[in-house]
Amino acid sequence: MSAMTARSPVRLFLQRLFRRKLVLVAVIILLVIVLLAILAPWISPYSPTGMRVSQRLRPPSLTNWFGTDEFGRDVLTRIIYGGRASLGIGVAVVMCTMLAGTVLGLIAGYFRALDAVIMRLVDAMMSLPDILLAIFLVAVLGASAGNVVLALSIVYTPRVTRVVRSSTLVVRELPFVEAARALGVSTWRIMTMHILLNVASPILVQATFIFAYAVLAEAGLSFLGAGVPPDIPTWGTMIAAGQQYADRAVWLVLFPGLAIVFAALSLQLLGDGLRDMLDPKLRKAL
Amino acid sequence: MMETSVQERPLLDIRGLEVTFRTEGGDVVPVRGVDLRVEAGKTTALVGESGSGKSVTSLAIMGLLPRPYGRVSKGVAEFRRRSGAVVDLASAGQGVVRALRGNEIAMIFQEPMTSLNPVMTVGEQIAEQVRLHMALAPQAAMRHAVEMLSLVEIPDAARRAGDYPHQMSGGMRQRVMIALAMSCNPRLLIADEPTTALDVTIQAQILDLIERLRKEHSMGVLFITHNLAVVAEIADTVTVMYAGEVVEKANVRDIFHNSRHPYTAALVDCLPERARRDSNGRRIVAAIPGSVTSAAEATGCRFAPRCQRAVEACEAGSPELLVAGTGHEVRCFRWSEA
Amino acid sequence: MPLLELRGVTKYFGTAPKLVHAVEDVSFTVERGEVVGLVGESGSGKSTLGRLALRLLDLTSGSVRLNGESIEHLGQRALRPLRRNAQMVFQDPYASLNPRLRVASIIGEALDAHGLAQGKARQARIAELLELVGLQADHADRYPHEFSGGQRQRIGIARALAVEPQLIIADEPVSALDVSVQAQILNLLQDLRYRLGVAMLFISHDLDVIELICDRIVVLYLGRVMEIGTAEQICRNPQHPYTQALLAASPKPDPDRPRTRRLLQGDIPSPLSPPSGCVFRTRCPLATAECAGAVPPMRDLEGGHAVACIHDSRSIDWGGMLQNRKNDRVPPC
C-alpha cells in the first residue's frame with residue numbers, strides 16, 4: 001500500500017499494464033503500425049498509385065519486399081498507405097461510438113424514466129448481426145469512407161451504451177453521488193464529475209475492442225464491396241482486389257491479411273490487458 | 001479462578017509465529033512474534049484493530065494462507081490432538097491440516113453466507129460434512145444434522161433443515177455455521193469475528209450459544225475480534241495484537257483492570273463507556289492520536305509513534321515479550337511503570 | 001419552531017406483495033443546536049429516515065419541515081437552495097469520497113454549488129475547513145486514497161461543514177472505523193457541535209456511542225418509534241421492553257459483569273410483513289393478546305419521555321444487566 005507514494009501515476013499505470021509481456025508486445029506492434037501509417041509519405045519505398053505494367057504480379061523480392069499487384073504497384077507501399085485509411089476509419093468509429101454510447105449510456109443509467117426506451121432500442125439493434133446491419137446501412141447510405149464510419153458507428157454504439165449504462169447504475173448508488181446530491185450539486189456536474197469520471201475505465205477498455213472490431217469490419221465490408229470505393233487503398237480493398245489473383249499471387253491477399261490480423265490482435269490484447277488491470281477483482285488475484 | 005486441573009500442555013500453543021508474504025515490492029512480514037495459547041475448555045480472545053495481523057494469524061493457524069504468496073516463516077503452532085499426539089500446524093503439510101479442519105478444529109467466520117453453499121439446503125450441507133468425517137449412512141447423517149440444528153437452538157429444526165441459506169436471517173445463518181462447526185465435535189473452535197455483522201440482540205444470543213457449547217463440550221475457543229466489550233463478555237484469557245505483533249497477554253480481568261501495555265490501556269480508554277467529562281462538561285473519549293504504522297516501516301517499538309510514554313529507547317530497539325506476572329506477558333520496555 | 005420536524009413520516013419501498021415497510025408513522029423533532037440520536041437494529045429504518053429528512057428519498061406520506069418550511073412536496077430544483085441548511089455525513093469513508101477528485105475539489109464543490117466563495121477566498125476557506133476538522137491545509141492537493149479511514153471521515157465532515165449547515169445528519173459515521181479512530185471522530189463531532197452550534201441527527205446501532213454524543217434519543221424498531229426521551233431517560237430509566245433488551249444485550253467492557261444474559265428470543269421479523277399491532281410483540285416478554293390488536297399509541301411520561309407500550313415494563317427481570325449499567329457510569333453533571 002505504502003509503496004505507491006513516490007512513483008508518478010503514469011509510470012505506475014504503464015508498469016501495471018506491462019506486467020503481462022504479451023501486452024507490451026501488442027503495444028509495440030500497434031505503435032509500429034500507427035507510426036508507419038502516419039509517416040507513410042516519407043518512408044514508403046514507392047508511390048502507392050504508381051503503376052508499372054512491366055512489373056505486374058512480381059513475387060516478393062529484395063526490391064519489392066511484399067511483391068507487386070496486378071498493376072505493378074508495390075504491395076508494401078499500399079499496405080502502409082492502406083493502414084492510414086483502415087486505422088483512420090477505426091479511430092473515427094471509436095470516437096463516434098464513444099461519444100454517442102457514453103451520452104446514451106449515462107442518460108439511460110441515470111434517468112430511470114428514459115432507461116427502458118433507450119435499452120429496448122439497444123437490444124433490438126444488438127439482436128441483428130453486426131456485419132449484416134452494416135451492409136444494409138452502407139447500401140442505403142451509399143459507399144464512401146464517411147458512410148462506412150457512420151454505419152459502423154451505428155452498429156457499435158449499442159455495445160458502448162450497454163457498458164456505460166451498467167457502470168452508471170453501479171456508480172450512481174455510491175455514497176459520494178448521494179453526498180453530491182445532498183450538497184445540491186447540479187445534475188450536469190454529478191453526471192460528468194462524479195459518474196463519467198468513474199466509468200471512464202470500462203469505456204477505455206471498450207474503445208480498444210471497438211477499434212479492433214472496426215478495423216475488421218471495414219475490411220469485411222470493403223471485401224464484400226459494400227465499403228470504401230476500390231480506388232482508395234485500404235487493407236480490405238486490397239484483399240478484395242487481390243482475391244482474383246490469389247491462386248497465382250498469394251502475397252496480394254496474404255500481406256494485407258496479416259496487417260489486419262496484427263492490428264486487430266494487438267488491439268484485442270491491449271484491451272484484455274487494460275481490462276485485467278482496471279478490474280479490481282482480477283487485479284487482486286494477480 | 002482456577003477451576004479445572006492444570007493441563008500438561010495447552011490445546012493450542014503458538015510460539016514465535018512469523019508470516020511472510022511475497023509481494024511485488026519484496027517480502028512483507030505482516031505478522032511476527034505471535035505467542036498465543038488456547039487451553040481446553042477455555043476461551044482465548046485475540047484482539048486487534050485493522051492491520052493488527054489478527055486475521056493473518058488465524059489464517060496461518062488454519063493453513064489457509066493464500067498460496068503460494070504467504071507462508072509461515074518462523075515459529076510453531078502446536079495442536080494437541082484427541083489422541084494426545086502433538087502436531088505442528090505451521091510445519092505440517094496441507095493434507096494433515098485439512099484432515100484436522102472440520103474435524104478436531106472447526107472455524108466460523110464473520111459472513112456465514114460466503115462459507116455456505118447457496119444451492120444446497122442447510123441440512124444437506126451439515127449431513128455431507130458429517131458423512132465425510134463420521135462415515136454415517138445418508139439417513140443417519142441427516143438425522144444428525146437436524147440434531148445439530150436443534151443443538152444451536154434453531155426453532156423447528158427438522159423443517160428449517162430444508163431451507164436454503166438465503167432463506168435465513170444473518171443470525172440464523174451464523175447458527176447454521178456453528179452447527180456445521182459442531183457437527184464433528186471439535187476440540188478447538190476458531191471464531192473469526194463471528195458476531196461483527198450481527199445486530200446486538202442477535203449477537204448476545206450467539207455469544208451465549210458459543211459459551212454454552214464451550215462448557216458442554218469442554219472445547220477450546222479462539223475468539224478473534226476487534227470489539228473489547230465482547231472480549232469482556234466471553235474471554236478467559238486475552239491476547240492483544242498491534243501492527244503485527246502480540247503486545248500483551250493476560251487473563252481478562254488483568255486486561256481491563258491491570259493492563260501493562262500502553263496500547264491496551266489506551267484501547268480500553270477509547271471506549272465510549274469510559275468517556276469522562278472535561279472541564280466544560282463535554283463528554284470526551286480518550287482517543288489514541290494518529291493511526292497504525294504499517295508493519296514494514298517500524299524500527300523500534302511499533303506503538304512508539306502513538307505512545308504517550310515513549311522515550312528514545314522505544315524508537316531504537318524493539319522490546320521482547322516480558323513476563324509481568326502470572327500468565328501476564330507484555331511487550332514494553334516501561335511496563336513496570338504502568 | 002423546531003429546526004427539523006418529522007410528522008407521521010412513512011416510507012414504503014416496492015409494490016405489493018413485496019412491499020417493504022421501511023418507516024411507519026414516525027414523528028419527532030430536532031431543535032436548534034440539539035443532537036438527537038436515532039438508534040435501532042437492521043430493518044429499523046433509521047438510515048431511510050435520515051434520507052427522508054433530507055429528501056434524498058421521497059416520502060410515502062407524512063411531512064418534513066425544515067425551519068418550519070414544509071419540504072416533502074418540493075422538487076429537486078426547489079430543494080437545491082435549501083440544501084445549505086442540512087448536510088449529511090456517511091458511514092463508509094471509502095465510498096463517500098469520489099476517488100477521482102482531489103480533496104480541494106471535493107470540498108470546493110460544496111462551496112461552488114451555493115456560490116459561497118471564489119478564487120483566493122475559496123482556497124482559504126478550504127484550508128480553514130481542513131484545519132477545522134484536524135487536517136492540514138496542504139492536504140487539499142491529495143486524492144482520497146492517500147488518507148486513512150479516519151482522515152477520510154474528517155474530509156467527509158469538512159465537506160458537510162463547508163456550506164455552514166444548521167443540521168448534520170450523521171449516518172453511522174464511526175461504525176466503519178477502528179475503536180481508537182472512532183474515539184477521535186466522536187470527539188471531533190462533539191467539538192464541532194460546541195464550537196459551531198450545529199444540530200445533529202446522529203444515526204447508529206450502537207447505544208453507547210449514541211448515549212455519549214446525544215441529548216435526546218429516538219429508539220426505532222421495524223420502522224416504528226418505540227421510545228423517545230433524553231439520553232438520561234432512555235439509558236438509565238428505559239420504559240420500553242425493547243429499549244431495555246437493547247441495553248441488556250449490548251456488551252460492556254467489564255469482565256466482572258454477570259455473563260448469563262437474559263436474552264430476547266427469536267429474530268427480527270422481516271419488514272416485508274411486520275407483525276400486526278405492536279411490531280415488537282413477537283419477541284416481547286410482556287406480549288399479550290391485546291398487543292396484536294392495535295398499534296400502541298405513544299404514551300407520554302414525565303419530562304418529554306414517551307413510550308409506545310401499553311404494559312408496565314418494570315416487571316421484567318433482566319438478570320441484573322440493567323442495574324449494572326447504571327452503576328458503572330460517570331455521574332451526570
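The rules behind the values
- Residues numbered from 1 in each chain as written.
- Chains lettered and ligands numbered in written order.
- Predicted model: local features only at pLDDT ≥ 70, side-chain atom pairs only at ≥ 80, totals over all residues.
- Heavy atoms only, no water.
- Helix = DSSP H or I, 4+ residues; strand = E, 2+ residues; numbered from the N terminus.
- Rg over C-alpha atoms; globule rule 2.2 N^0.38 Å.
- Buried < 20%, exposed > 50% of the residue type's maximum accessible area, 1.4 Å probe, protein only.
- Contact = heavy atoms within 4.5 Å.
- Areas by Shrake-Rupley, 256 points an atom, 1.4 Å probe, with all protein chains shown as cover.
- Lys, Arg positive; Asp, Glu negative; His and termini not counted.
- Charge placed at Lys NZ, Arg CZ, Asp CG, Glu CD.
- Salt bridge = Lys/Arg side-chain N within 4 Å of Asp/Glu carboxyl O.
- Pairing = 2+ DSSP bridges.
- Core = buried A, V, L, I, M, F, W, Y, C linked by side-chain atoms within 4.5 Å.
- Axes fitted to C-alpha atoms, helices over the stretch in contact; angles between N-to-C directions.
- Parallel < 35°, antiparallel > 145°, perpendicular 65-115°, else oblique.
- Left-handed = near helix turned anticlockwise from the far one by under 90°.
- Nonpolar A, V, L, I, M, F, W, Y, C, P; charged D, E, K, R; others polar.
- Buried area = accessible area lost by both parts, 1.4 Å probe.
- Phe/Tyr/Trp six-rings, centres within 6.5 Å; stacked < 30°, edge-to-face > 60°.
- Right-handed = clockwise from strand over helix to strand, strands pointing away.
- Patch = residues over 30% accessible without salt bridge, like charges linked within 9 Å, V, L, I, M, F, W, Y side chains within 5 Å.
- pLDDT = per-residue confidence, 0-100.

Student: I'd like a rundown of the overall build of chain C, residues and numbers included.
Tutor: Of regular secondary structure, chain C possesses 11 helices and 12 strands. Relative to its length of 333 residues, chain C is compact, with a C-alpha radius of gyration of 21 Å against a globular reference of 20 Å. The principal-axis extent of the C-alpha atoms belonging to chain C is close to 65 × 50 × 35 Å. Across the 333 residues that make up chain C, the buried fraction comes to 60%. Once local pairs closer than 6 in sequence are excluded, the contacts in chain C between residues at least 24 apart make up 66%.

Student: Provide a residue-level description of the overall build of chain A, including the pertinent values.
Tutor: A tally of regular secondary structure across chain A gives 12 helices and zero strands. Across chain A, helices and strands are ordered from the amino to the carboxyl terminus as α-α-α-α-α-α-α-α-α-α-α-α. Counting the 286 residues in chain A, one finds 48% classified as buried. Of all intrachain contacts in chain A linking residues separated by at least 6 positions in sequence, the fraction that spans at least 24 positions is 69%. Accessible surface, chain A: about 14100 Å² in total, of which carbon and sulfur atoms supply 72%. When the 25 positive and 14 negative side-chain charges of chain A are each reduced to one mean point, those points stand 8 Å apart.

Student: Would you mind going over unusual backbone geometry in detail, with residue names and values included?
Tutor: In this chain, Ala 16 of chain C is followed by Pro 17 of chain C through a cis amide linkage whose omega measures 5°. Checked against the element boundaries, Pro 17 of chain C lands in the loop between strand 1 (4-13) and strand 2 (20-30). You will see that Asp 156 of chain B, though not glycine, has its phi angle at about 55°, which is positive. Relative to the assigned elements, Asp 156 of chain B resides in the loop between helix 5 (138-151) and helix 6 (157-160). Of the residues examined, Asp 156 of chain B reaches a relative accessible area of 45% and is grouped as partly exposed. The backbone of Leu 222 of chain C sits at a positive phi, close to 45°, despite the residue not being glycine. With respect to the helices and strands, Leu 222 of chain C occurs in the loop between strand 9 (216-221) and strand 10 (224-230). The class for Leu 222 of chain C is buried, based on a relative accessible area of 4%.

Student: Before we move on, could you go through the pattern of salt bridges and cite the residues and values that matter?
Tutor: Taken as a whole, this structure holds 47 salt bridges over all chains when the rule is applied. Of the charged contacts, one joins Arg 122 of chain C and Asp 112 of chain C as a salt bridge, the two residues approaching to 2.8 Å between their closest N and O atoms. One end of the pair, Arg 122 of chain C, is in helix 4 (residues 119-132); the other, Asp 112 of chain C, is in helix 3 (residues 103-113), and 10 residues separate them in sequence. The partly exposed category is assigned to Arg 122 of chain C, whose relative accessible area is 22%. Taking relative accessible area as the criterion, Asp 112 of chain C reaches 39% and is therefore assigned partly exposed. Between Arg 195 of chain C and Asp 191 of chain C there is a salt bridge whose closest N-O contact spans 2.9 Å. With Arg 195 of chain C and Asp 191 of chain C both in helix 6 (residues 179-196), this residue pair falls four residues apart, about one helical turn. Here Asp 191 of chain C falls in the partly exposed class, since its relative accessible area comes to 22%. Shared partners join several salt bridges into a network, and the residues in it are Arg 20, Asp 272, Arg 275 and Asp 276 of chain A.

Student: Just give me the short version of the pairing of strand 10 (residues 245-251) of chain B, but keep the residues and values in it.
Tutor: Residues and elements named next belong to chain B. Summarising burial for strand 10: six of the seven residues are buried, a large majority. What sits between strand 9 (residues 237-242) and strand 10 in their antiparallel hairpin is a turn of two residues, with Ala 243 showing a positive phi close to 45°. As paired strands, strand 10 and strand 14 (residues 328-330) are joined by two bridges and run antiparallel to one another. Paired with Glu 248 across the strands is Val 330, a residue of strand 14.

Student: Quick rundown of the nonpolar core? Include the residues and the values.
Tutor: Counting 169 residues, the largest nonpolar core has Trp 235 of chain A, Val 231 of chain B together with Ile 157, Phe 202 and Ile 217 of chain C as the members making the most contacts within it. When near neighbours in sequence (up to four residues on either side) are disregarded, Ile 217 of chain C contacts Gly 37, Val 39, Leu 207, Ile 210, Glu 211, Glu 227, Ile 228, Gly 229, Ala 231, Ile 234 and Cys 235 of chain C.

Student: Could you give an account of the packing of helix 1 (residues 9-17) of chain A against helix 11 (residues 251-278) of chain A, naming the residues involved and the relevant values?
Tutor: All names here are of chain A. Contact geometry for helix 1 and helix 11: axes closest at 9 Å, N-to-C directions at 115°. When the interaxial angle is binned, helix 1 and helix 11 end up roughly perpendicular. When the axes of helix 1 and helix 11 are compared, the crossing they make is right-handed. In this structure, helix 1 uses Phe 13, Arg 16 and Leu 17 to contact helix 11, whose residues at the interface are Leu 270, Gly 273, Leu 274 and Met 277. For the contact of helix 1 with helix 11, a count of residues per class yields five nonpolar, one polar and one charged.

Student: For the interface of chain B and chain C, give the residues involved together with the corresponding values.
Tutor: Each partner contributes to the interface: chain B provides 46 residues, whereas chain C provides 44 residues. Both faces combined, the contact of chain B with chain C buries some 4000 Å², and carbon together with sulfur accounts for 52% of it. The three residues of chain B that bury the most area against chain C are Glu 233, Glu 273 and Arg 283 of chain B, which together make up 19% of that side's buried surface. There are three salt bridges connecting chain B and chain C. For Asp 256 of chain C, the salt bridge is made with Arg 253 of chain B, and the minimal N-O distance between the two is 2.7 Å.

Student: Quick one: what's the story with the sheet that holds strand 7 (residues 167-171) of chain C, residue by residue and with numbers?
Tutor: All names here are of chain C. Strand order in the open sheet formed by eight strands is 6-7-8-3-9-10-12-11, and the pairing between neighbours is mixed. The open sheet has two free edges, formed respectively by strand 6 (86-89) and strand 11 (299-300), since each of these has just one partner strand. Strand direction decides the pairing type here: strand 7 and strand 8 (residues 199-204), joined by five bridges, are parallel. Bridging from a neighbouring strand, Ala 170 pairs with Phe 202 of strand 8.

Student: Hey, could you go over the packing of aromatic side chains for me, with residue numbers and the actual values?
Tutor: Taken as a whole and judged by the stated rule, the model has nine aromatic pairs over all chains. Each ring, one from Phe 66 of chain A and one from Phe 255 of chain A, has its centre 4.0 Å from the other, and the planes form 10°; the classification is stacked. On the criterion of sequence distance, the pair formed by Phe 66 of chain A in the loop between helix 3 (40-43) and helix 4 (75-110) and Phe 255 of chain A in helix 11 is long-range, its members being 189 residues apart. Centroid distance Tyr 221 of chain C to Tyr 242 of chain C: 4.5 Å. Interplanar angle 50°. Geometry classified as tilted.

Student: So what's going on with the pairing of strand 7 of chain C? Residues and values would help.
Tutor: Residue and element names in this part refer to chain C. Counting buried residues in strand 7 gives five out of five residues, a clear majority hidden from the surface. Inspection of the sheet shows strand 6 paired to strand 7 by four bridges, in the parallel sense. Looking across to strand 7, one finds that Ala 86 is bridged to Leu 167. Traced from strand 7 through helix 6 to strand 8, the parallel crossover comes out right-handed.

Student: Help me get a handle on the side chain of Arg 73 of chain A, residues and values and all.
Tutor: Note on placement: Arg 73 of chain A falls in the loop between helix 3 and helix 4. Residues in contact with Arg 73 of chain A, not counting those within four places in the same chain, are Pro 48, Thr 49, Gly 50, Met 51, Gly 67, Thr 68 and Arg 78 of chain A.

Student: Which residues make up the sheet that holds strand 7 (residues 188-192) of chain B, and what are the values?
Tutor: Strand pairing in a sheet takes place through backbone hydrogen bonds and is either antiparallel or parallel in direction. All names here are of chain B. Strand order in the open sheet formed by eight strands is 6-7-8-3-9-10-14-13, with mixed pairing between adjacent strands. Looking along the sheet, the strands with just one partner apiece sit at the ends: strand 6 (105-108) and strand 13 (322-325). Across the sheet, the mean angle separating the axes of adjacent strands is 20° when strand polarity is ignored. Those strands touched by helix 7 (residues 170-182) are strand 6 and strand 7, and its axis lies near 170° from that of strand 6. Across the sheet, helix 11 (residues 262-269) touches strand 9 and strand 10, and the angle it forms with strand 9 is around 100°.

Student: How would you sum up a nonpolar patch on the surface? Please name residues and give values.
Tutor: Residue and element names in this part refer to chain A. A contiguous nonpolar patch, built from Leu 24, Ile 28, Val 32, Val 34, Leu 35, Leu 36, Ile 38, Leu 39, Trp 42 and Ile 43 and spanning about 880 Å² of accessible area, is present on the exposed surface. For the nonpolar patch, the secondary-structure elements that each account for two or more residues are helix 2 (21-38) and helix 3. At seven residues, the largest contribution of residues to the nonpolar patch is made by helix 2. Within the secondary structure, Ile 43 sits in helix 3. Relative accessible area serves as the criterion here: at 39%, Ile 43 is assigned to the partly exposed category.

Student: Can you tell me about the confidence of the model for chain A, naming the residues and giving the values?
Tutor: All names here are of chain A. Averaged over every residue, the pLDDT of chain A is 86; the share at 70 or more is 94%. Here residues 1-6 is modelled with pLDDT under 50, and outside its nearest four sequence neighbours on either side it reaches three contacts, counting other chains as well. The low-confidence segment residues 282-286 (pLDDT under 50) makes eight contacts with residues lying over four places distant or belonging to another chain.

Student: So what's going on with the side chain of His 328 of chain B? Which residues, and what values?
Tutor: Topologically, His 328 of chain B is positioned in strand 14. Discounting chain neighbours no more than four positions away, the residues touching His 328 of chain B are Glu 248, Lys 249, Ala 250, Asp 254, Asn 258, Arg 260, Leu 322 and Val 323 of chain B.

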